[in-house]
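One letter stands for each residue in the lines below.
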Amino acid sequence: MRVYLGLGSNLDAPIEQLRAARLAISNVDGISEIAFSSFYQSPPMDAKNQPDYINAVMAIETNLSPFELLATTQAIENEQGRIRTERWGARTLDIDILLFGNEILNFPDLVIPHYGISERAFVLCPLFEISPDLIIPKYGKLADLVARCSLDNLRKCN
Ligand code: ROI
């Protein structure tokens with residue numbers, strides 16, 4: 001199954017956090033990396049008094065189920081010292097399952113496509129960079145979503 005993961009960090013050397021996460025994800029049995037986007041910097045959305053975030057998107061091929069993959073990404077978040085304080089708090093590492101093939105899943109702790117995918121520039125732009133032709137279940141063409149979203153505060157890092 002082709003899967004897209006969104007990675008984010010705004011604490012403890014964010015770019016290093018995302019590099020370490022990329023390596024950890026690639027090393028999991030049953031996962032192989034297909035593509036990894038540039039890093040993008042943006043101010044915190046829906047939150048104040050936090051450092052800027054660095055975000056990236058990773059495409060993988062996997063034979064894990066959605067819940068096996070969720071357990072795997074949560075274990076990697078925890079290994080990289082994520083402390084869950086308040087819901088929208090600063091974090092060392094956040095890994096979101098953005099897309100799982102063309103599946104639509106609506107479980108309390110696993111909603112796919114990820115709810116942020118339709119309007120978050122820090123998700124849409126890195127996704128578009130690695131897969132410009134994507135059609136997103138429920139939301140339509142990725143290119144149309146990118147065209148509709150504001151790119152004002154998003155900066156490509158490399
Ligand atoms: N804002 C940005 N720019 N990047 C994120 O990854 C991010 N993640 C979050 C909230 C707090 C909603 N804001 C964010 O969880």
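In what follows, the structure referred to is the one given above.
Values in this document were obtained by computation on a predicted structure and should not be read as measured data.

**Q** Could you give me a rundown of the layout of surface pockets, with the residues and numbers involved?
**A** Size it by volume and the second largest pocket reaches roughly 200 Å³. Across the lining of the second largest pocket, the residue classes break down as eight nonpolar, three polar and two charged.

**Q** Got a sec to walk through the site of the ligand? Specific residues and values, please.
**A** Taken together, ten residues lie around the ligand, and Ser 42, Pro 43, Met 45, Tyr 53 and Asn 55 are the ones closest in. Between Pro 43 and the ligand, the recorded distance is 2.9 Å, taken from a backbone N or O atom to a nitrogen atom. Asn 55 has a polar side-chain atom sitting 2.8 Å from an oxygen atom of the ligand. With the chains in place, 96% of the 350 Å² that the ligand exposes on its own is no longer accessible.

**Q** Got a sec to walk through the packing of aromatic side chains? Specific residues and values, please.
**A** Applying the stated rule across the entire model yields two aromatic pairs. Note on Phe 36 and Phe 39: the rings are 6.0 Å apart at their centroids and 70 degrees apart in plane angle, and the pair reads as edge-to-face. In this structure, Phe 36 and Phe 39 share a single accessibility class: buried. Here Phe 67 and Phe 107 contribute two aromatic rings whose centre-to-centre distance is 5.0 Å and whose plane-to-plane angle is 75 degrees, an arrangement assigned as edge-to-face. Here Phe 67 is found in helix 2 (residues 66–79), whereas its partner Phe 107 is found in strand 6 (residues 105–107), with 40 residues between them in sequence. Overall, Phe 67 belongs to the partly exposed group, its relative accessible area being 36%.

**Q** Describe in detail the pattern of salt bridges, supporting the description with residues and values.
**A** Under the defined criterion, the tally for this structure stands at three salt bridges. Put simply, Arg 19 and Glu 16 hold a salt bridge, and the shortest N to O gap is 3.0 Å. Of this pair, Arg 19 and Glu 16 both sit in helix 1 (residues 14–26), three residues apart, which is roughly one turn of the helix. A salt bridge links Arg 22 to Glu 33, with the shortest nitrogen-to-oxygen separation between them at 2.6 Å. Of this pair, Arg 22 sits in helix 1 while Glu 33 is found in strand 2 (residues 31–36), placing the two residues eleven residues apart along the sequence. A relative accessible area of 28% means that Glu 33 is categorised as partly exposed.

Rules behind the numbers
Residues numbered from 1 in each chain as written. Predicted model: local features only at pLDDT ≥ 70, side-chain atom pairs only at ≥ 80, totals over all residues. Heavy atoms only, no water. 1 Å grid on protein atoms, 1.4 Å probe; cavity = no way out; pocket = protein on both sides within 12 Å on 5 of 7 lines; lining within 4 Å. Points joined across faces, edges and corners; volume = space filled by probe spheres on them. Nonpolar A, V, L, I, M, F, W, Y, C, P; charged D, E, K, R; others polar. Near = heavy atom within 4 Å. Polar contact = N/O pair within 3.5 Å; in protein donor to acceptor, adjacent residues only side chain to side chain. Areas by Shrake-Rupley, 256 points an atom, 1.4 Å probe, with all protein chains shown as cover. Phe/Tyr/Trp six-rings, centres within 6.5 Å; stacked < 30°, edge-to-face > 60°. Buried < 20%, exposed > 50% of the residue type's maximum accessible area, 1.4 Å probe, protein only. Helix = DSSP H or I, 4+ residues; strand = E, 2+ residues; numbered from the N terminus. Salt bridge = Lys/Arg side-chain N within 4 Å of Asp/Glu carboxyl O.

Geometry only, nothing functional implied.
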